[in-house]
Amino acid sequence: MFLKGKSAIVTGSTSGIGLAYAKAFAAEGASVMINGFGDAAAIETERAALEATSGAKALYDAADMTKAEAIEAMVKRCHDELGGPDIIVNNAGIQHVAPIDEFPIDKWDAIIAINLTSAFHMMRASIPYMKAAKWGRIISTASAHSLVASPNKSAYVAAKHGIAGLTKTAALEVATHGITVNAISPGYVWTPLVENQIPDTMKARGLTREQVMNDVLLAAQPTKEFVTPEQVAALALFLCRDEAKSITGANMTVDGGWTAA
Ligand code: NAD
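Computed from a predicted structure; not experimentally measured.

About the criteria used
Residues numbered from 1 in each chain as written. Predicted model: local features only at pLDDT ≥ 70, side-chain atom pairs only at ≥ 80, totals over all residues. Heavy atoms only, no water. Helix = DSSP H or I, 4+ residues; strand = E, 2+ residues; numbered from the N terminus. Polar contact = N/O pair within 3.5 Å; in protein donor to acceptor, adjacent residues only side chain to side chain. Contact = heavy atoms within 4.5 Å. Expected span 1.5 Å × (residues − 1). Bend = angle between axes of the 7 residues up to and from the residue. Buried < 20%, exposed > 50% of the residue type's maximum accessible area, 1.4 Å probe, protein only. Pairing = 2+ DSSP bridges. Axes fitted to C-alpha atoms, helices over the stretch in contact; angles between N-to-C directions. Phe/Tyr/Trp six-rings, centres within 6.5 Å; stacked < 30°, edge-to-face > 60°. Lys NZ or Arg CZ within 6 Å of the ring centre and 35° of its normal. Core = buried A, V, L, I, M, F, W, Y, C linked by side-chain atoms within 4.5 Å. Right-handed = clockwise from strand over helix to strand, strands pointing away. Near = heavy atom within 4 Å. 1 Å grid on protein atoms, 1.4 Å probe; cavity = no way out; pocket = protein on both sides within 12 Å on 5 of 7 lines; lining within 4 Å. Sits in = over half its atoms within 2 Å of the grid points. Nonpolar A, V, L, I, M, F, W, Y, C, P; charged D, E, K, R; others polar. Points joined across faces, edges and corners; volume = space filled by probe spheres on them.

K.L.:
So what's going on with the environment of Ala261? Residues and values would help.
P.N.:
When you line up the elements, Ala261 lands in the segment after strand E7 (251–254). Along the sequence, Ala261 and Ala159 sit 102 residues apart, while their C-alpha atoms lie 22 Å from each other.

K.L.:
Explain the side chain of Gln197 to me, and be specific about the residues and the numbers.
P.N.:
Relative to the helices and strands, Gln197 resides in helix H6 (residues 192–205). Of the polar contacts made by the side chain of Gln197, one reaches the side chain of Lys153; its length is 2.9 Å. In contact with Gln197, not counting residues within four places along its chain, are Gln95, Val97 and Lys153.

K.L.:
Break down H6 for me, citing the residues and quoting the values.
P.N.:
Here H6 contains 14 residues, and its C-alpha end-to-end distance of 20 Å stays within 8% of the 20 Å for a straight helix at 1.5 Å per residue. Of all bends in H6, the biggest is about 30°, found at Ile198, and the proline Pro199 comes one to four residues later. Those residues of H6 that fall on the buried side of the exposure criterion are Val194, Gln197, Ile198 and Thr201. Summarising the contacts, the buried residues of H6 are in contact with helix H7 (209–217). Among the residues trailing H6, Gly206 stands out with phi positive, at a value near 65°.

K.L.:
Which residues make up the sheet that holds strand E4 (residues 87–90), and what values do they have?
P.N.:
Taken together, 7 strands build an open sheet; the order of strands is E3-E2-E1-E4-E5-E6-E7 and the sheet is parallel. One side of each edge strand has no neighbouring strand; the edge strands of this open sheet are strand E3 (58–61) and E7. Neighbour-to-neighbour, the strand axes of this sheet turn through a mean angle of 20°, independent of strand direction. Each of strand E2 (31–35) and E3 touches helix H2 (residues 40–54); the most contacted strand, E3, lies at about 155° to it. Against the sheet, helix H8 (residues 229–239) engages strand E5 (136–141), strand E6 (179–186) and E7, with an angle of about 165° to E6.

K.L.:
If you had to explain the packing of aromatic side chains to someone new, which residues and values would you point to?
P.N.:
Here the structure, examined in full by the defined rule, presents 3 aromatic pairs. Here the aromatic rings of Tyr21 and Phe25 are separated by 6.5 Å at their centres, their planes lie at 10°, and the arrangement is stacked. Pair noted here: Tyr21 and Phe25 are both in helix H1 (residues 16–27), with a separation of 4 residues, about one helical turn. Judged on exposure class, the residue Tyr21 and its partner Phe25 are both buried. Sitting above the plane of the Trp135 ring, Lys6 keeps its charged end 4.4 Å from the centroid.

K.L.:
Please provide a residue-by-residue account of the nonpolar core, values included.
P.N.:
One recurring pattern in soluble globular proteins: nonpolar side chains tend to sit buried together. Among the nonpolar cores identified, the biggest contains 31 residues, and Tyr21, Phe25, Ile87 and Ile184 are the most heavily contacted of them. Mapped by element, the contributors of at least two residues to this core are strand E1 (7–10), H1, E2, H2, E4 and H8. Sort the elements by how many residues they give to this core and H1 lands first, with 7 residues. Judged by nonpolar contacts, the second largest core, of 29 residues, contains Ile71, Ile88, Met122 and Ile163.

K.L.:
So what's going on with the pairing of E3? Which residues, and what values?
P.N.:
Strand direction decides the pairing type here: E2 and E3, joined by 4 bridges, are parallel. By the bridge assignment, Asn35 is partnered in E3 with Asp61. The handedness of the E2 to E3 crossover, carried by H2, is right-handed.

K.L.:
Can you lay out the site of the ligand for me, pointing to particular residues and giving the numbers?
P.N.:
Around the ligand, a shell composed of 30 residues is seen, among which Thr14, Ser15, Tyr156, Val189 and Thr191 lie nearest. One of the side-chain nitrogen or oxygen atoms of Thr14 is found 2.7 Å away from an oxygen atom of the ligand. Contact between the ligand and Tyr156: an oxygen atom at 2.5 Å from a side-chain N or O atom of the residue. The site holding the ligand turns out to be the largest pocket. Elements represented by at least two residues in the shell around the ligand include exactly H1, helix H5 (154–174) and H6. At 3 residues, H6 tops the list of elements feeding residues into the shell around the ligand. Looking at the shell around the ligand, its residues break down into 15 nonpolar, 13 polar and 2 charged.

K.L.:
So, the layout of surface pockets: which residues are in play, and what are the values?
P.N.:
One number sums up the size of the largest pocket: a volume of about 840 Å³. Lining the largest pocket are 40 residues, and of these Asn91, Ala92, Gly93, Ile94 and Leu193 sit closest to its centre. A per-element tally of the lining of the largest pocket places H6 first, with 6 residues. Looking at the lining of the largest pocket residue by residue, the class counts come to 17 nonpolar, 19 polar and 4 charged.

Right, dumping it as structure tokens:
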């Protein structure tokens, strides 16, 4: 239980990869603050399960990642009720698939706000506490799309490339404070985010569901297997260890070889 006494905020942790991070941190004794949207009863079940796993407190905060004040309030609440935050994971994300000339402006704005700008607000609010503690771990879920592009994902690719740049800049700024800043870039992970984009990709490219799964999604992944949320969370956990203190400013792929091609 190497995270006993530490606290972690994971944005967008009511499902998918975020929930896997929260479970991994709790399994090592951390108190965790989960965040995101979803069914209230299901969220409460997850929160209670995290507490049972960690033996430490677990809280849910409903902060909307499009709202700077809500993000700042969530970080302050973590400090007041759990301590820290010692670990933050910028993970909340959405997707919309359409060509640029048909891309809805409100979707562009929402993707940039949730997938990129919220990470800036999380860092801005958390770094003073981490500097005071002389220890911190900042991790962002980027994507293979932080390194390469795909058609019809302009806002997502722009936001994820932005996360890669923000990660490097923040790492340089806090390098002497015991704080590391890294991005994890998964390939296709089987979560609701991927499931939900299948109908739009079918429409945008005129394909069947099976064709989208095999010819679009797994076409890019040489292993021909989806990445699992647990595999991504295991890397985040390693980044929190003292052995990982020299890993900073890195963008680490967990993509089944996608970006090697
Ligand atoms: P998901 O849809 O399962 O989870 C997204 C989470 O973000 C949910 O908890 C949701 O409630 C939350 N969220 C959405 N809008 C929010 C808002 N305005 N405020 C607060 N929370 C909000 O998706 P996932 O696949 O687990 O995605 C998690 C992260 O991983 C995202 O940043 C995504 O871009 C990234 N990623 C996913 C894949 C993949 O293949 N699934 C690949 C690479 C990167």
